[in-house]
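Per-entry structural report
Residues per chain, in single letters:
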Amino acid sequence: MFVTHVAMVAALTASLNVAPEYGRPDLRRDAERIVAGGVTGVQARVTSEGRSMVATAGVADLRTKAPVPPNGYFRIGSSNKTFVATVVLQLVGEGKLALDDTVDRWLPGLIKGRGNDGRKITVRDLLQHTSGIVDDYPYPTAIASSRQYRRHRHDTFTPQQVISRAMRHKPAFAPGKGWLYANTGYATLGLIIEKATARPWHEEVKRRVIEPLGLKHTRWPAGSAELPRPHARGYTVFKTSEGFVDTTRHRDADASGGLISTTADLDRFFTALLGGELLRPAELAEMRRTVPVATELRRIWPGARYGLGLVQRPLPCGGTYVGHGGDILGFMTRTGVTADGKRSVVISVSTERFDSAKRILQIDAAVNRLVNRALCDTR
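Before going into details, it helps to say that this report is about the structure given with it. (Residues numbered from 1 in each chain as written. Predicted model: local features only at pLDDT ≥ 70, side-chain atom pairs only at ≥ 80, totals over all residues. Heavy atoms only, no water.)

**What about the overall build of the protein?**
- Looking only at helices and strands, the protein features 13 helices and 16 strands.
- A globule of 379 residues ought to have a C-alpha radius of gyration of about 21 Å, and the protein, at 21 Å, matches this closely.
- Viewed in the frame of its principal axes, the protein has a C-alpha envelope of about 80 × 50 × 40 Å.
- Looking at the protein residue by residue over its 379 residues, the buried ones come to 53%.
- Partitioning the intrachain contacts of the protein with sequence separation of at least 6 by distance along the chain shows that 69% fall at a separation of at least 24.
- In the structure as shown, the protein presents an accessible area of about 16700 Å², 53% of it carried by carbon and sulfur atoms. (Helix = DSSP H or I, 4+ residues; strand = E, 2+ residues; numbered from the N terminus. Rg over C-alpha atoms; globule rule 2.2 N^0.38 Å. Buried < 20%, exposed > 50% of the residue type's maximum accessible area, 1.4 Å probe, protein only. Contact = heavy atoms within 4.5 Å. Areas by Shrake-Rupley, 256 points an atom, 1.4 Å probe, with all protein chains shown as cover.)

**Notes on the pairing of strand β14 (residues 331-338)**
- Most of β14 sits out of view: eight of its eight residues are buried.
- Side chains F331, T333, T335 and V337 of β14 all project onto a buried face; the interleaved residues M332, R334, G336 and T338 project onto the opposite face, where all are buried too.
- Counting the residues that bridge the hairpin from strand β13 (residues 326-328) to β14 gives two residues, and of these G330 lies at a positive phi of roughly 90°.
- Pairing geometry for β14 and strand β15 (residues 343-349), over six bridges, is antiparallel. Following the sheet pairing, V337 is matched in β15 by S344.
- Between β14 and β15, which follow one another and run antiparallel, lie four residues, and G341 among them has a positive phi close to 75°. (Pairing = 2+ DSSP bridges.)

**Notes on the pattern of salt bridges**
- Summed over the entire model, instances satisfying the criterion amount to 22 salt bridges.
- One salt bridge connects R119 with D117, and the closest N-O pair in it is separated by 2.9 Å.
- For R119, a relative accessible area of 59% gives the class exposed.
- Measuring nitrogen to oxygen at the nearest pair gives 3.2 Å for the salt bridge that ties D327 to R334.
- Residue D327 is classed as partly exposed on the basis of its relative accessible area, which comes to 42%.
- On the accessibility criterion, R334 (15% relative accessible area) is buried.
- A cluster of three or more residues bridged by salt bridges with shared partners is formed by E94, K96, R199, E204, R207 and R208. (Salt bridge = Lys/Arg side-chain N within 4 Å of Asp/Glu carboxyl O.)

**Remarks on the layout of surface pockets**
- When its volume is computed, the largest pocket comes out at roughly 950 Å³.
- Lining the largest pocket are 37 residues, with G326, D327, I328, E352 and F354 sitting closest to its centre.
- Elements supplying a minimum of two residues to the lining of the largest pocket: α12 (295-300), β13, β14, β16 (351-353) and α13 (357-376).
- Examining the composition of the lining of the largest pocket, we find that four residues originate from one element, α13, more than from any other.
- Across the lining of the largest pocket, the residue classes tally to 19 nonpolar, ten polar and eight charged. (1 Å grid on protein atoms, 1.4 Å probe; cavity = no way out; pocket = protein on both sides within 12 Å on 5 of 7 lines; lining within 4 Å. Points joined across faces, edges and corners; volume = space filled by probe spheres on them. Nonpolar A, V, L, I, M, F, W, Y, C, P; charged D, E, K, R; others polar.)

**Some points on the packing of helix α3 (residues 80-93) against helix α10 (residues 263-274)**
- The contact between α3 and α10 brings their axes to 11 Å, and the two run at 40°. Compared by their axis directions, α3 and α10 come out oblique. The handedness of the crossing between α3 and α10 is left-handed. Residues T82, F83 and T86 of α3 pack against L266, F269, F270 and L273 of α10.
- Looking at the contact of α3 with α10, its residues break down into five nonpolar, two polar and no charged. (Axes fitted to C-alpha atoms, helices over the stretch in contact; angles between N-to-C directions. Parallel < 35°, antiparallel > 145°, perpendicular 65-115°, else oblique. Left-handed = near helix turned anticlockwise from the far one by under 90°.)

Below is the structure:
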């Protein structure tokens, strides 16, 4: 009788074309596939209506072979941009600044030269990467070899120095007339936040986002090159012949990508943000208004569009998800929340590779597979 009942249920499920649910074994297998693509470790969290499951794969340390901690800290890279954008939009909602304010309204004369003009670039342009500013980012973002890493990992630069370097280049296009990812734009936004509030951007993020949401494991590293424990070590492959270089320790604490966090905290942040806990409806709607990304990115992110500090991408099961990834020495972060807010995913990969375009695409494909299957809730 039991066998007959199981067979009937299976037949009924098949006839209704109901997809099996994505579970912890599936998450673990997908994390292992990412490791098999050529990385040292993965930590992945999937949340459905408030219930989370976590899987890890690979190792946290190539020397000791210790397992990846399921609650480990990591550098979130450009996922930081969504925190900064949230503070900017809160200030917009409070009437303290406007999306159509020009950079010169807040930072007169900072952006000028070689055709760059802060009188024409708006806060919205900075948030959405439509300013035309061309990055010339210094270390550690521009570190391209193990030798450079050893020599420059402790270098620090002020936002003014970062912006000054970018001003040596002609803009890629007139403000609002194209799309080009620019970390320099978020360094500028950090200064605008400070000018509007009389406090550094990271203090405003702490006061307005981290503390209200209870993100106890999200922090600004200040001048420290260390990661809190527990954490997986971060590795970078600059050249295949060098193998994995331990790049855990370095300094990067500006508004384009400075925060350290965990998968649990990032999950809480993105679901709270998109659930309306941090922004009023009008400002959240502005954040979610998107434009197409550059053609070269659409090749690897088909259908991707960029809002104000948010990336929107289509799902194979229909609909879209939003979030913001981050790539920084030693760590790759990917996040996503479904349009209805019912499912979310956060992935931390403790390796960055620059040695092979084919290898990078393989890793990206494995990460995207996990995201798509988790958010579509299908095996």
